[in-house]
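So the chains spell out like this:
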Amino acid sequence: MSIASIALPRILRIGGGASKQLPEVLASLGLSRPLIVTDAWLVSSGRVAELVDGLTAAGIASRVFADTVPDPTVASVDAGVACLREGDHDCVVGFGGGSPLDSAKAIALLGLHGGAMADYKAPHVQDAPGLPVIAIPTTAGTGSEATRFTIITDETTDEKMLCPGLAYLPVAALVDYELTFTKPVRLTADTGIDSLTHAIEAYVSKRANPFSDGMALLAMRAIAPNLRRVCRDPMDAAAREAMMLGATQAGIAFSNSSVALVHGMSRPIGAHFHVPHGLSNAMLLPAVTAWSAPAALHRYAECARAMGVADEAEGDQSAVARLLDELAALNRELEVPGPAAWGIDAARWDALVPTMCAQAAASGSPANNPRVPDAEEMATLYAQVWAGQPG
Ligand SMILES: [Fe+2]
């Protein structure tokens, strides 16, 4: 008998306006001196001031670190740690998309334990907690608010370091879809595809279990019918709400199962070519799914059924064909470019493929895929993605 090891945020508040409950959530955790970790855009849009004002009104003094960067680097995290140590903080509030949330987790850990971020990358597992993290996502989403991972880029080697362990699991997550209405359409599409990828990978992973399966299927049911809707109409409240719920469910799913080959191959593309995370996932998803599906046909067919693109009576082979058609259609309709169209230089891509294969394998994610590629097969998949072939 195998035992699934499940871990969740102690507190989840989910629904429109949930972010306004930060003061009472802090109070319920006995916390009173937060550092808010966010980004410059959320400061300039006035969102951070709303959060700070809510805390001030409740008698809670806070400080703000807004210098996080997309694909957070070691240097940006170290600056946050320095800011944390200037104050007398008992917790870190991550406020923003995946980058501010991942930064908040790293800052909360290093602020207490010290050391360099590279000390904590996989295969190291950091369970002993840092300062408590409260996560308030503004995208739907990376799911970072519900996961036991952070991803920090070592800018000296262009490696996206996957850092796993319970230390990175937020103690509370406030999941408020009303924060997502102002997301630009590109970000809406990219983060939505990221969420869908989390759900699919959690479901087909070798580490899937009945708990993660349930969350993954719920996430696919929430995301698949609403992704196009939020891209067409950013003010569609019902669709935004479903996407936000689905993103958190997908985060719970993969945090308690794993991601797999798409994420393994996606991180090096992001690290070397600065392609946004959801976009590099989207570039890979059709080809990697086509290559992997024969090894887990029924699982992928169940994904197609949960997403509503195959009906329950349809055979697995046919359902998987519909899944592949849907993933290709999504990329077309959401205008996902290939690597060349995105502006990546062909010679540099070719030169880096061996490094990307090695970094993907070292992250451990490809080993969770239902079909595990060797270096040569992974290089072939990268070539297919470059050529825009479905695998
Ligand atoms: Fe992701």
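Residues numbered from 1 in each chain as written. Predicted model: local features only at pLDDT ≥ 70, side-chain atom pairs only at ≥ 80, totals over all residues. Heavy atoms only, no water.

**Remarks on the coordination of the iron ion**
Line of reasoning, step 1. Taken together, the protein ligands of the iron ion are Asp194 (OD), His198 (NE2), His263 (NE2) and His277 (NE2), with distances of 2.1 to 2.2 Å.
Line of reasoning, step 2. In this structure, the iron ion is surrounded by 4 donor atoms whose angles at the metal cover 84 to 168°, and the resulting shape is irregular.
Line of reasoning, step 3. In terms of primary sequence, the donors binding the iron ion are separated according to D-x3-H-x64-H-x13-H. Note that aspartate 194 is positioned in helix α6 (residues 185-204) and histidine 277 in helix α11 (residues 277-292), a separation of 83 residues in sequence. (Donors = N, O, S within 2.8 Å, 3.2 Å for Na, K, Ca; no water. Tetrahedral: all angles 85-135°; square planar, octahedral: opposite > 155°, others 65-115°. Helix = DSSP H or I, 4+ residues; strand = E, 2+ residues; numbered from the N terminus.)

**Concerning a nonpolar patch on the surface**
Line of reasoning, step 1. The grouping of Ile6, Leu8 and Phe211 at the surface amounts to a nonpolar patch, some 220 Å² of accessible area in total.
Line of reasoning, step 2. Looking at where isoleucine 6 falls in the secondary structure, it is placed in the segment before β1 (11-14). (Patch = residues over 30% accessible without salt bridge, like charges linked within 9 Å, V, L, I, M, F, W, Y side chains within 5 Å. Areas by Shrake-Rupley, 256 points an atom, 1.4 Å probe, with all protein chains shown as cover. Salt bridge = Lys/Arg side-chain N within 4 Å of Asp/Glu carboxyl O.)

**Describing the packing of aromatic side chains**
Line of reasoning, step 1. Counted by the stated rule, this structure contains 5 aromatic pairs.
Line of reasoning, step 2. Note on phenylalanine 149 and phenylalanine 254: the rings are 5.8 Å apart at their centroids and 10° apart in plane angle, and the pair reads as stacked. Here phenylalanine 254 lies in helix α9 (residues 237-255) and phenylalanine 149 lies in strand β6 (residues 149-154), a separation of 105 residues in the sequence.
Line of reasoning, step 3. An aromatic cluster is defined as three or more aromatic residues linked by ring pairs; in this entry it consists of Phe273, Trp349, Tyr382 and Trp386. (Phe/Tyr/Trp six-rings, centres within 6.5 Å; stacked < 30°, edge-to-face > 60°.)

**Some remarks on the pairing of strand β2 (residues 34-37)**
Line of reasoning, step 1. Residue alternation in β2 divides its side chains into two sets, Pro34 and Ile36 and Leu35 and Val37, and both sets are buried.
Line of reasoning, step 2. Pairing between β2 and strand β4 (residues 91-96): 4 bridges, direction parallel. Residue pairing for β4: isoleucine 36 is matched across the bridge by valine 93.
Line of reasoning, step 3. The sheet contact formed by β2 and strand β3 (residues 63-65) spans 3 bridges and is parallel. Paired with leucine 35 across the two strands is arginine 63, which belongs to β3. (Buried < 20%, exposed > 50% of the residue type's maximum accessible area, 1.4 Å probe, protein only. Pairing = 2+ DSSP bridges.)

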